[in-house]
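Here is what each chain is made of, one letter per residue.
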Amino acid sequence: MFDQVFRRIEGFFKSLFSRVSVRFSKIKRLPLLIGKKAKDILKGIVDFIVNKPSQLSDYVRIGGAYVAKRALLGTLLAIAVVIMLMVWFVIPWLSRTFFTVKLVVNTPEFHTASGNAEVYTENGELLYRGKLENGAAQGDGRLYDGFLVYQGEFAANEYEGDGKLYCAEDILLYEGEFSKSLYNGSGKLYYPNGQLKVSGTFVAGKLEGESTIYDEEGMILYSGNVSADNYNGKGTLYQDGELYYQGDFLNSEMTGTGTLYSNGEILYTGGIVKGVYNGSGTLYKNKDGMRVEGEFKDGAANGTASVYAPNGECLYTGVMADGEISYISYVSSTRALVEQCFTENAAVRSIGDMEMLYYSALGTGFLFDADGRIDRILFNGNQTLYGVSAGVNSNTLQLPAGWGRYSEYEYIPTSTEKVIMYYLGENASDRLTSVKYINDSLFIKLCCSNGKVLFYEIGAV
């Protein structure tokens, strides 16, 4: 039935091959010839199938109808093309997309598998469910190890893209972006109780950039810059959810310049090293409720600093040591130096043939001899120095190294001492206990009643 058609096709191709062989020597023109002839072949086939036949012999009768032989041939060719497309493309795509293959890990079938799959161990435990590409996890999938370990995107068996990582059954450890199985990009870490632990940016598995960190109760611990999992750069630290520190960090320690808070109020601002005051700064309330501005070292004012009363009045500018005014440095100094450094308006008191400048805000008096040099420095019970204060037992004195206990005895106070107690705001006592400490050139004398310090004095031995 199709003899005439097949003969025409056979003759056409024989003629084509003959002409190609003759021209084969012109190899440089071969691509152009192939393209032209391919176009001619395609045009010939289309014309043969599409053009309406003009003779009855070009038709075949099927049932009660006549069908053109060339139309029938075109239909058969179309069916052949569809079958080939199904075999080569459609069926594999459907298999990969809609059908799941069960495989055993590390078998030949596993290493060549592509498409949706469930991968099991030799003992039948589920390892992986998702897409494979030549035996490697690729695209969306789930990884198991007795429980769901990871759910998200894969690339060549690595976590890549968005995903969730679990540390136990239904306990989320991390969700966010991955690269080569490491946290990389925006992500969140969680505590085992499900509470958010970290929200921030990761690079190669470590926190890098702006991040927020919480405790297991959901209270904020830190907000700011992080580098290699450490607080580095500008950040804010919290304690019990309350603002504690704001400033510079280095390797998770408060180092640089910053501000410390206490009960919502500023405690200190300035230089800080490993959480300790160091450098220029301001302590807003020292042990006596005073503001101190100046140089700090090892957590206390050391060097030149100024002391201010709560009302803002400057009381002192001079040398400080371990957070205290260095009164010892003024022993035997002049009245002019005292008046220069102690800037409060002092009360002038006459005591016998001596004169005292009393600074009430500091609870301190300077007793000068007739030559205008300091004889003794006096402190009432409201002044705290070396750990001594009103109502504190004399045994709590905290003196620097080099001081030793020299004597202790009871005596009847002199009239001068009674006047001093009066000016210092202390009630006179009929009997006092003297406890004296000395070093190479100085003494500290505590005057006590019933074991409690009433006042004390510093002077030259």
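Residues numbered from 1 in each chain as written. Predicted model: local features only at pLDDT ≥ 70, side-chain atom pairs only at ≥ 80, totals over all residues. Heavy atoms only, no water.

A.B. asks: Where do I start with the overall build of the chain in this structure?
C.D. replies: Helix and strand counts for the chain stand at six helices and 30 strands. Out of the 461 residues belonging to the chain, those deemed buried represent 37%. In the chain, the proportion of contacts linking residues at least 24 apart, taken out of those at least 6 apart, comes to 22%. If you sum the accessible surface of the chain, you get close to 26,000 Å²; carbon and sulfur atoms cover 54% of it. (Helix = DSSP H or I, 4+ residues; strand = E, 2+ residues; numbered from the N terminus. Buried < 20%, exposed > 50% of the residue type's maximum accessible area, 1.4 Å probe, protein only. Contact = heavy atoms within 4.5 Å. Areas by Shrake-Rupley, 256 points an atom, 1.4 Å probe, with all protein chains shown as cover.)

A.B. asks: When you look at the environment of Glu 118 in this model, what are you seeing that I'm missing?
C.D. replies: Following the sequence through the fold, Glu 118 ends up in strand β4 (residues 115-120). Linking Glu 118 and Leu 103, residues 15 residues apart in sequence, is a C-alpha distance of 6.1 Å. Leaving out residues up to four positions away in the same chain, Glu 118 has contacts with Thr 100, Val 101, Lys 102, Leu 103, Leu 126, Tyr 128 and Arg 129. Among the polar contacts made by the side chain of Glu 118, one reaches the side chain of Arg 129 at a distance of 2.9 Å. (Polar contact = N/O pair within 3.5 Å; in protein donor to acceptor, adjacent residues only side chain to side chain.)

A.B. asks: Sorry if this is basic, but what is going on with the sheet that holds strand β30 (residues 452-460) here?
C.D. replies: Strands pair in a sheet through their backbones, by hydrogen bonds, and they do so in one of two ways: parallel or antiparallel. Spatial strand order, β23-β24-β25-β26-β30-β29-β28-β27: eight strands in an open sheet with antiparallel pairing. Two strands bound the open sheet, and with one partner strand each, they are β23 (347-351) and β27 (404-411). Averaged over all adjacent pairs, the angle separating strand axes in this sheet is 20°, with direction ignored. In this sheet, strand β26 (residues 374-380) lies alongside strand β25 (residues 364-368) in antiparallel orientation, the contact comprising five bridges. Note on β26: the bridge partner recorded for Gly 365 is Leu 378. Strands in contact with helix α6 (residues 415-423) are β23, β24 (354-359), β26, β27, β28 (432-438), β29 (442-449) and β30; relative to β23, the strand with the most contacts, it is inclined by about 165°. (Pairing = 2+ DSSP bridges. Axes fitted to C-alpha atoms, helices over the stretch in contact; angles between N-to-C directions.)

A.B. asks: Honestly, unusual backbone geometry in this entry has me stumped. Any pointers?
C.D. replies: Most peptide bonds are trans, and most residues other than glycine sit at a negative phi. With phi around 55°, Ala 156 is a residue other than glycine that occupies positive phi space. By the element assignment, Ala 156 lies in the loop between β7 (148-155) and β8 (158-168). With a relative accessible area of 52%, Ala 156 lands in the exposed category. Located in the positive-phi region is Asp 229, a residue other than glycine, with phi close to 70°.

A.B. asks: Would you mind showing me how to read the pairing of β7 here?
C.D. replies: Residues in a regular strand project their side chains so that they alternate between the two faces of the sheet. Bridge count for strand β6 (residues 136-144) against β7 is six bridges, and the pairing is antiparallel. By the bridge assignment, Arg 142 is partnered in β7 with Gln 151. In this structure, β7 lies alongside β8, joined through five bridges in antiparallel fashion. Note on β8: the bridge partner recorded for Tyr 150 is Leu 165. Counting the residues that bridge the hairpin from β7 to β8 gives two residues, and of these Ala 156 lies at a positive phi of roughly 55°.

A.B. asks: So what exactly am I meant to see when it comes to the pairing of β25 here?
C.D. replies: Burial within β25 is extensive, with five of its five residues counted as buried. What you see with β25 is no split at all: Thr 364, Phe 366 and Phe 368 on one side and Gly 365 and Leu 367 on the other are buried throughout. Two strands pair when backbone bridges link them, and β24 and β25 are joined in this way by five bridges, in the antiparallel orientation. The residue of β25 that forms the bridge with Tyr 358 is Gly 365.

A.B. asks: Is there a simple way to think about the side chain of Lys 445 in this case?
C.D. replies: Mapped onto the secondary structure, Lys 445 falls in strand β29. A distance of 3.3 Å separates a polar atom in the side chain of Lys 445 from a polar atom in the side chain of Glu 417. Those residues in contact with Lys 445, other than ones at most four positions away along the chain, are Tyr 411, Glu 417, Ser 434, Val 435, Lys 436, Phe 455, Tyr 456 and Glu 457.

A.B. asks: What is the right way to read the nonpolar core from this model?
C.D. replies: For soluble globular proteins, the rule of thumb is that nonpolar side chains tend to be buried together. Ranked by size, the top nonpolar core spans 69 residues in total, and within it Tyr 327, Phe 342 and Phe 366 carry the most contacts. Considering each element in turn, this core owes the most residues, four residues, to β29. Contact partners of Phe 342, with chain neighbours within four places excluded, come to Leu 315, Tyr 316, Ile 325, Tyr 327, Tyr 330, Tyr 359, Leu 362 and Phe 366. Membership of the second largest hydrophobic core comes to 14 residues, among which are Met 354, Tyr 358, Leu 378 and Leu 432. (Core = buried A, V, L, I, M, F, W, Y, C linked by side-chain atoms within 4.5 Å.)

By themselves, these are just geometric observations and shouldn't be taken as functional.
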